Amino acid sequence: MGFWDTLLGRTKPARPDLDQLFGLPSAAITLQAAIGFTPTGAGSVCFASTEGGAFTQVQQEVRALLDADSERGGAPVELSRDGYGYSWLLSRRAPDDLPALVGDLHAVNTALQDSGFGPQLLCSLVSFRDAELRPLALVYLYKRGTFYPFAPLPDRKRDNPLELQVKAVLKDDLRVEQELSRWFPLWGAPGL
């Protein structure tokens, strides 16, 4: 960083650290012990689709990789597009196999990044539920290298007290996004 960047308050963006995803299994143990949320076995990756053969080929390779893994016990992946034009790749595993689900999400992110499509990656999420079936997602922001909780309620509202509680519970397990304005809602996200 140069003198002018410091003087004008500009900062370098955090580099994505996909290995942060591997902190999710231990965070899930903390989450279950502290407030009773357990993994559902669903996780997804959101990315901005681009036109072109190279991107289509990478998508097909990722789906083939994860679908081949379904032959060893996982479920086939689902590709969908939301109302904003973003693509979602959903992977499902047994709820007690969070490490395999995290491996799926990491493989998708890595394949897109290594093929030069890192700027198209937006986020990844893993969903949880408690005994009352309240939904919760831990969202990884690719461009920030941080996580945040998203707890949707009916009628497009959020359970902000729960989100803040999760932030406090997981502060030692995950790199939690400190700027609450970056905790974007993911209404209707696949897997949530």
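**Observations concerning the packing of helix 2 (residues 24-35) against helix 5 (residues 160-169)**
Phase 1: Interhelical geometry of helix 2 versus helix 5 gives an angle of 120° and a closest axis separation of 10 Å. Looking at the two axes, helix 2 sits oblique to helix 5. Crossing of helix 2 against helix 5: the hand is right-handed. Only Leu 162, Gln 165, Val 166 and Val 169 of helix 5 make contact with helix 2, whose side of the interface consists of Thr 30, Leu 31, Ala 34 and Ile 35.
Phase 2: Residues that form the contact of helix 2 with helix 5 fall into these classes: six nonpolar, two polar and no charged.

**Some remarks on the sheet that holds strand 2 (residues 78-81)**
Within a beta sheet, neighbouring strands are joined by backbone hydrogen bonds and run either parallel or antiparallel to one another.
Phase 1: What the six strands build is an open sheet, ordered 2-3-1-4-5-6; its pairing is antiparallel. Two strands lie at the open edges of the sheet, namely strand 2 and strand 6 (146-150), each paired on one side alone. Each strand axis lies, on average, 25° off the axis of its neighbour in the sheet, ignoring direction.
Phase 2: Bridge count between strand 5 (residues 135-141) and strand 6: five bridges; the pairing is antiparallel. Bridge pairing in strand 6 links Val 139 to Tyr 148.
Phase 3: Helix-sheet contacts for helix 4 (residues 98-117) involve strand 1 (38-48), strand 3 (86-92) and strand 4 (121-129), and the interaxial angle to strand 1 is about 10°.
Phase 4: Across the sheet, helix 5 lies against strand 5 and strand 6, angled at about 145° from strand 6, the strand it touches most.

Reading the values: rules and limits
- Residues numbered from 1 in each chain as written.
- Predicted model: local features only at pLDDT ≥ 70, side-chain atom pairs only at ≥ 80, totals over all residues.
- Heavy atoms only, no water.
- Axes fitted to C-alpha atoms, helices over the stretch in contact; angles between N-to-C directions.
- Helix = DSSP H or I, 4+ residues; strand = E, 2+ residues; numbered from the N terminus.
- Parallel < 35°, antiparallel > 145°, perpendicular 65-115°, else oblique.
- Left-handed = near helix turned anticlockwise from the far one by under 90°.
- Contact = heavy atoms within 4.5 Å.
- Nonpolar A, V, L, I, M, F, W, Y, C, P; charged D, E, K, R; others polar.
- Pairing = 2+ DSSP bridges.

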